[in-house]
Amino acid sequence: MIPRIQKQEIQDKLLANKLLFIQGPRKVGKRSLIEEIFNEKKIEYIFFDCAEKHISKSIEQNPQDLESFSGYIVLYEAQYLKNLNDILENVLLGKIKSTVVVSCSFVPEVEPELLEAMKMEGLEINLFAPTFYESAQHFGLPEEEKLLEERLIYGSYPEVLADLPMAEVTLREIIQEAVFTKLSGKERINKGDKLLRMLQLLAFNVGETISYNDISERCGLDNETVERYIRLLEDAFLLFRLSSFHTEKRYELKKSNMVYFVDNGVRNVLISNFNPTFLRNDMNELWRNYVIAERLKWMRMHQSKTAVYFWKTHTRQQMDLVEINDRGIRAFKTDWEKRKKVKFPKSFKEAYPDAKVSVLNRSTYWSFLSQKKV
């Protein structure tokens, strides 16, 4: 198993705080990492799998029971708890004496101010499938370079990489479980076939501006439902959504979005394409999704304050990724080909002369995805 760089951080925060909030997609190793840390430290703990209805119901009906425990409590898949907001507040107020680890595979229905407070206090940990940096640290950069095609095709879910012949089956199970049975503790999906069609459309058009109206017409959904489903899939850590960067310059897109999949394997199973790279006609889309998703995962893991966008004009000039922070503007174009000379949009350079522009190809991506400062 690839060692997770956040393991030490979790260990340290468990000793220093009464609450730890861990969130991220299903099947990326949250439970395994929590159990590994407790077992290595020989710490006894009580584990509640809140996806089990009888367990979540018991906690909801008898919340005072948590106050009677001492030591460590793990609330796994805690997004299903209707009283999670109260539990979190009681931990922070000291009514619950135990140290509580809350693990969620969906952004929970709690007060936004409470989520922000936990984030500001450093109590939030975002865990995704192993990143490029973690894999390169484990295997070594030369070996990880050799595995690049595998990452582009199958993604990075640990369960998928452990058994590649079963990759397609495992990835379909991940989608089925996350989307159709356990998407959220509150929201319900009653048009599963149309949602799947929407996901397939997004997969075929990854890195392109999306039109809610176009998607709704092709899927048989209304615009509001399309937007709601995309938001739910973001909250389930299956999608990233980028909005357009603009400063009212001429021809800039102002209210547009692009969607990327958190994992390439999920994107490929949706379009039923696990062909090797030399047989594909979508390498630029595949590459763009990989490098942008890896960058966004890294930023989330490190609680980066950098704002991320894409930039595009009505004349189809485009910068695939724009990062803005106190160090200025950085903008990137992605290209699968190593030696191809990439032209940056003249209108972007004229509008933002101080922006640093770069290309992300197979010669430059590894340093970009290894940058610790984000």
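Going by the structure above, here's the rest.
Here's a quick rundown of the structure. (Residues numbered from 1 in each chain as written. Predicted model: local features only at pLDDT ≥ 70, side-chain atom pairs only at ≥ 80, totals over all residues. Heavy atoms only, no water.)

Using the criterion set out here, one finds 17 aromatic pairs in the structure. On the numbers, 5.5 Å between centres and 20 degrees between planes, the contact of Tyr154 with Phe274 is stacked. Linking Tyr154 in helix α9 (residues 148-154) with Phe274 in the loop between α15 (264-270) and α16 (283-301), this pair joins segments that are 120 residues apart in sequence. For Tyr154, a relative accessible area of 21% gives the class partly exposed. Pairing Phe245 with Tyr309 gives two aromatic rings, centres 5.7 Å apart and planes at 45 degrees, and the pair type is tilted. Here the residue Phe245 occupies a position in the loop between β7 (239-244) and β8 (257-261), and Tyr309 occupies one in strand β9 (residues 307-312), the gap between them amounting to 64 residues. On the accessibility criterion, Tyr309 (24% relative accessible area) is partly exposed. Following the ring pairs from residue to residue traces out a cluster consisting of Phe132, Trp287, Tyr290, Trp336 and Tyr365. (Phe/Tyr/Trp six-rings, centres within 6.5 Å; stacked < 30°, edge-to-face > 60°. Helix = DSSP H or I, 4+ residues; strand = E, 2+ residues; numbered from the N terminus. Buried < 20%, exposed > 50% of the residue type's maximum accessible area, 1.4 Å probe, protein only.)

Our focus in this paragraph is the sheet that holds strand β2 (residues 46-49). Here five strands make up an open sheet; going across it, the order is β2-β3-β4-β1-β5 and the pairing parallel. Across the chains shown, the open sheet's two edge strands, defined by having one partner strand only, are β2 and β5 (124-126). Neighbour-to-neighbour, the strand axes of the sheet open up by a mean angle of 15 degrees, direction not taken into account. Pairing analysis gives five bridges linking strand β1 (residues 19-23) to strand β4 (residues 99-104), with the strands arranged parallel. Directly across from Leu19, in β4, lies its bridge partner Val100. The sheet strands contacting helix α2 (residues 30-40) are β1, β2, β3 (72-76) and β4, and the helix crosses β4 at an angle near 160 degrees. (Pairing = 2+ DSSP bridges. Axes fitted to C-alpha atoms, helices over the stretch in contact; angles between N-to-C directions. Contact = heavy atoms within 4.5 Å.)

Attention now goes to the pattern of salt bridges. Tallied over the entire structure, the rule returns 22 salt bridges. The salt bridge partner of Lys7 is Glu40, with a shortest N-O separation of 2.9 Å. Note that Lys7 is positioned in helix α1 (residues 7-16) and Glu40 in helix α2, a separation of 33 residues in sequence. Among the salt bridges present, the one from Arg280 reaches Asp282, with a minimum N-O distance of 2.8 Å. (Salt bridge = Lys/Arg side-chain N within 4 Å of Asp/Glu carboxyl O.)

Geometric descriptors of this kind do not, in isolation, establish any biological role.
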